[in-house]
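Single-letter residue listing:
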Amino acid sequence: MIGSHAEPDKVAEVARLATAIADRILAQNAAGTTIPPEQFTMLVRAARMLLDNGVAWPPAVEHVLMEVARRIEQVEAVSDVAPAASEGDDAVVHLTQFLGAVKRREGAGD
């Protein structure tokens, strides 16, 4: 899986694993349990690989990423002060940067 052109079977496996991670995140959120930052990081990395290989995100993956992006935008809109650092900040920062890149890429394709 070196470069941006992984084998189709490997990309399909990444999509399957990304869906499993997204489903787990959704279940944890519904149960009100803490979602480990590592899960977000894994999901973002898998989504990035899919994007780099021109593969559409599975619905659960897109749902989780867009929901997190929406929540981040809401917090940024009402907060002039940077929030205190937390354990999940690295994952959120990585996700924010990634989603910004996705938005820029989608805008360039229009």
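Residues numbered from 1 in each chain as written. Predicted model: local features only at pLDDT ≥ 70, side-chain atom pairs only at ≥ 80, totals over all residues. Heavy atoms only, no water.

> What exactly am I supposed to notice about the overall build of the protein here?
In terms of helices and strands, the protein carries 4 helices and 0 strands. Sequence-ordered secondary structure for the protein, helices as α and strands as β, is α-α-α-α. Looking at the 110 residues of the protein, the share that counts as buried comes to 32%. (Helix = DSSP H or I, 4+ residues; strand = E, 2+ residues; numbered from the N terminus. Buried < 20%, exposed > 50% of the residue type's maximum accessible area, 1.4 Å probe, protein only.)

> Before we go on, may I ask you to explain the packing of helix H1 (residues 8-31) against helix H2 (residues 37-52) in this structure?
What describes two packed helices is the angle between their axes and the distance between those same axes. Contact geometry of H1 with H2 gives a least axis separation of 9 Å together with a crossing angle of 145°. Crossing geometry of H1 relative to H2 is assigned as left-handed. Contact residues: Val 11, Val 14, Ala 15, Ala 18, Ile 21, Ala 22, Arg 24, Ile 25 and Gln 28 in H1; Gln 39, Phe 40, Met 42, Leu 43, Ala 46, Met 49 and Leu 50 in H2. (Axes fitted to C-alpha atoms, helices over the stretch in contact; angles between N-to-C directions. Left-handed = near helix turned anticlockwise from the far one by under 90°. Contact = heavy atoms within 4.5 Å.)

> Is there a simple way to explain H2 in this structure?
Because an α-helix completes one turn every 3.6 residues, residues spaced three or four positions apart along the sequence face the same direction. If you check H2, its first and last C-alpha atoms are 22 Å apart, about what 16 residues at 1.5 Å a residue would give, namely 22 Å. For H2, the complete set of buried residues consists of Pro 37, Gln 39, Phe 40, Thr 41, Leu 43, Val 44, Ala 46, Ala 47, Met 49 and Leu 50. One or two steps after H2, the chain reaches Gly 54, where phi turns positive at roughly 70°. (Expected span 1.5 Å × (residues − 1).)

> Would you explain the pattern of salt bridges in this entry?
When the charged atoms of two side chains with opposite charge come close together, those side chains can pair. All told, the structure shown has 4 salt bridges when counted by the stated rule. A salt bridge links Asp 52 to Arg 48, with the nearest nitrogen and oxygen atoms 3.4 Å apart. Of this pair, Asp 52 and Arg 48 both sit in helix H2, 4 residues apart, which is roughly one turn of the helix. The partner of Glu 67 in a salt bridge is Arg 71, with the nearest N and O atoms 2.8 Å apart. Of the two residues, Glu 67 and Arg 71 are both situated in helix H3 (residues 59-78); the distance of 4 residues between them amounts to about one turn of the helix. Owing to a relative accessible area of 21%, Glu 67 belongs among the partly exposed residues under this scheme. Note on Arg 71: relative accessible area 41%, which makes it partly exposed. A network of salt bridges, in which partner residues are shared, links Glu 67, Arg 70 and Arg 71. (Salt bridge = Lys/Arg side-chain N within 4 Å of Asp/Glu carboxyl O.)

> Sorry if this is basic, but what is going on with the packing of H2 against H3 here?
Contact geometry of H2 with H3 gives a least axis separation of 11 Å together with a crossing angle of 115°. In terms of crossing hand, the pair formed by H2 and H3 is left-handed. Note on element contacts: H3 touches H2 through Val 61, Val 64, Leu 65 and Val 68, opposite Phe 40, Leu 43, Val 44 and Ala 47. In the contact of H2 with H3, the residues fall into 8 nonpolar, no polar and no charged. (Nonpolar A, V, L, I, M, F, W, Y, C, P; charged D, E, K, R; others polar.)

> Sorry, what's going on with H1 here?
Along its 24 residues, H1 runs 35 Å from first to last C-alpha, staying within 8% of the 34 Å computed at 1.5 Å per residue. Those residues of H1 not exposed but buried are Val 11, Val 14, Ala 15, Ala 18, Ile 21, Ala 22, Ile 25 and Gln 28. Each element contacted by the buried residues of H1 is listed here: H2 and H3. Where H1 terminates, the next one or two residues include Gly 32, which has phi positive at roughly 75°.

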